[in-house]
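Remarks on the overall topology
The primary structure of each chain is shown beneath.
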Amino acid sequence: MQIASLTIDRIREGLLSRQFSAVELTEEALRFAEAENPKTGAYLRLSPERAMDAARRVDERLARGEEPGPLAGVPVAVKDVILTKGITTTCGSKLLAAYVPPYDATAILRVEEAGGILLGKTNCDEFAMGSSTENSAFGPVRNPVAPDRVPGGSSGGSAAAVAQGTAVVALGSDTGGSIRQPASFCGVVGVTPTYGRVSRYGLTAFASSLDHIGPFARNVKDAATLLRVIAGRDPRDSTSAAAPVPDYPALLGGGLKGLKLGLPREYLRELGSEVGDLISRGVDVFRRLGCEVRELSLPSTGYAIPCYYIIATAEASSNLARFDGVRYTFRSANSGTLADMYRNTRGEGFGAECKRRIMLGTYVLSAGYYDAYYLKAQKVRTLIARDFARAFEEVDAIVAPVSPFPAFKLGEKVDDPLAMYLSDIYTITGSLAGIPCMSVPCGNTAGGLPVGMQLLTTHFGEPAMFRLAGAFEDAGGVN
Ligand code: GLN
């Protein structure tokens, strides 16, 4: 069994033809993950008991001749901001080092219902704040392609596990690029669905109006299959959409003739780089496949970073208030008065990036500055969304880079938050607009570092997005 290169289709075939059982596969996957994980640190912990229980259920279904589910036997890694009942969920934070959730996120329940095997929890930036996974209280993750480099973030552990082959697919979360950017850095597929497409119930809130759960995979079809499983209305998340869930994997294939693609000028301006060249070659592939490509403008793009870092920090400052030494977290040993207890617990527990964001967020929401910053940012957010809406009257999808650069060195940007924030300059706009976007592998730099191409489309336009990505992959990408 070649664990590191398994696909969902291959697992299904193996199970149905009785080449292996789900229990055998899971034992092997756990062994492999345990042996390989020290190279990257992608997993914070494996969950062997839960994995084996799930595998036994799959084998029972198979023995009874029942349909085992679209994810039957598939080893799934899960970012440690997604709650798993009975399995420690730290959010990459010292505050939650010992937190064991009493319930499962809806996405987890759906994965297991579909026969998926929860293999373990993956490292991430603390409360998903970061672009390199270096903001975890439990140490950084190494990029499996280049171990002296970051895997991207904040879902770096999930991207690394899939790239490394210690998981077949993974769940990450994306608020401003945390699925697409690590997917790009590690050379895998990463999908940020339409806002509301996947229930956020059980996803630890960072910035609620921007948070998404989405899949990582080594190919487009596997990502489409996982999204289909986790998508759909959930009565426990009032922002989850009631729109029917298309059969994404079944809609793959078919030509691209006549599809119109937009290249936003603002995203290409500063890219005289290797990344820019690879994206241009990717666009040529689409031309060859029969797409019509035209330049267009998304004029508000330049405001995306400040707009995002006002809205995201404002929401974060409010969401993180719950980690107070009373609920969920450890409590500081230096707890004289109640105020001391709050202050010391939070002071000792949060890392520097979270503290920076709590302060920024509290400031932009304060009475004197609310109108100048928060309200203004909300208006700019509307302008950014309108840019996209206008573009999608003309084109079916937009093609752009994911990040201005490939994976950078560990330590290179940790002391410069602004440089770190710029990693997400091309992903943040899609997040603010709430539209579906994804990263699909688009070749490597001369130094062998993966580069992702971003595809963005209109709300609930995932079928067209997957079709484009699938055809691009079938055509062999740029290599
Ligand atoms: N890097 C961005 C941030 O730090 C995005 C993070 C995310 O998408 N969770 O906020």
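Everything numeric here is computed off the predicted structure, so don't read it as measured data. (Residues numbered from 1 in each chain as written. Predicted model: local features only at pLDDT ≥ 70, side-chain atom pairs only at ≥ 80, totals over all residues. Heavy atoms only, no water.)

**Digging into the pattern of salt bridges**
- Within this structure, the stated rule accounts for 24 salt bridges.
- The residue arginine 294 makes a salt bridge to glutamate 292 at a minimum N-O spacing of 2.8 Å.
- Of the residues examined, glutamate 292 reaches a relative accessible area of 39% and is grouped as partly exposed.
- The closest approach of N and O atoms between aspartate 340 and arginine 343, which form a salt bridge, is 3.3 Å. Of this pair, aspartate 340 and arginine 343 both sit in helix α11 (residues 338–349), separated by three residues, roughly a single helical turn.
- Aspartate 340 gets classed as partly exposed once you look at its relative accessible area, which sits at 26%.
- Here the salt bridges do not stand alone but share partners, grouping Arg50, Arg57, Asp104 and Glu112 into one network. (Salt bridge = Lys/Arg side-chain N within 4 Å of Asp/Glu carboxyl O. Buried < 20%, exposed > 50% of the residue type's maximum accessible area, 1.4 Å probe, protein only. Helix = DSSP H or I, 4+ residues; strand = E, 2+ residues; numbered from the N terminus.)

**With respect to a nonpolar patch on the surface**
- On the surface, Val326, Leu338 and Tyr342 cluster together to form a nonpolar patch covering roughly 280 Å² of accessible area.
- Structurally, valine 326 is set in the loop between α10 (304–319) and α11.
- Given the relative accessible area of 48%, valine 326 is considered partly exposed. (Patch = residues over 30% accessible without salt bridge, like charges linked within 9 Å, V, L, I, M, F, W, Y side chains within 5 Å. Areas by Shrake-Rupley, 256 points an atom, 1.4 Å probe, with all protein chains shown as cover.)

**A word on the site of the ligand**
- In the vicinity of the ligand there are 15 residues, among which Thr175, Gly176, Ser178, Tyr308 and Asp424 approach most closely.
- In the model, an oxygen atom of the ligand is placed 2.7 Å from a nitrogen or oxygen of the threonine 175 main chain.
- For the ligand, a nitrogen atom lies 2.6 Å from a polar atom in the side chain of aspartate 424.
- Protein coverage of the free-state accessible area of the ligand, which is 290 Å², stands at 100%.
- Here the shell around the ligand is composed, by residue class, of five nonpolar, seven polar and three charged. (Near = heavy atom within 4 Å. Polar contact = N/O pair within 3.5 Å; in protein donor to acceptor, adjacent residues only side chain to side chain. Nonpolar A, V, L, I, M, F, W, Y, C, P; charged D, E, K, R; others polar.)

What is shown is where atoms sit, not what they do.
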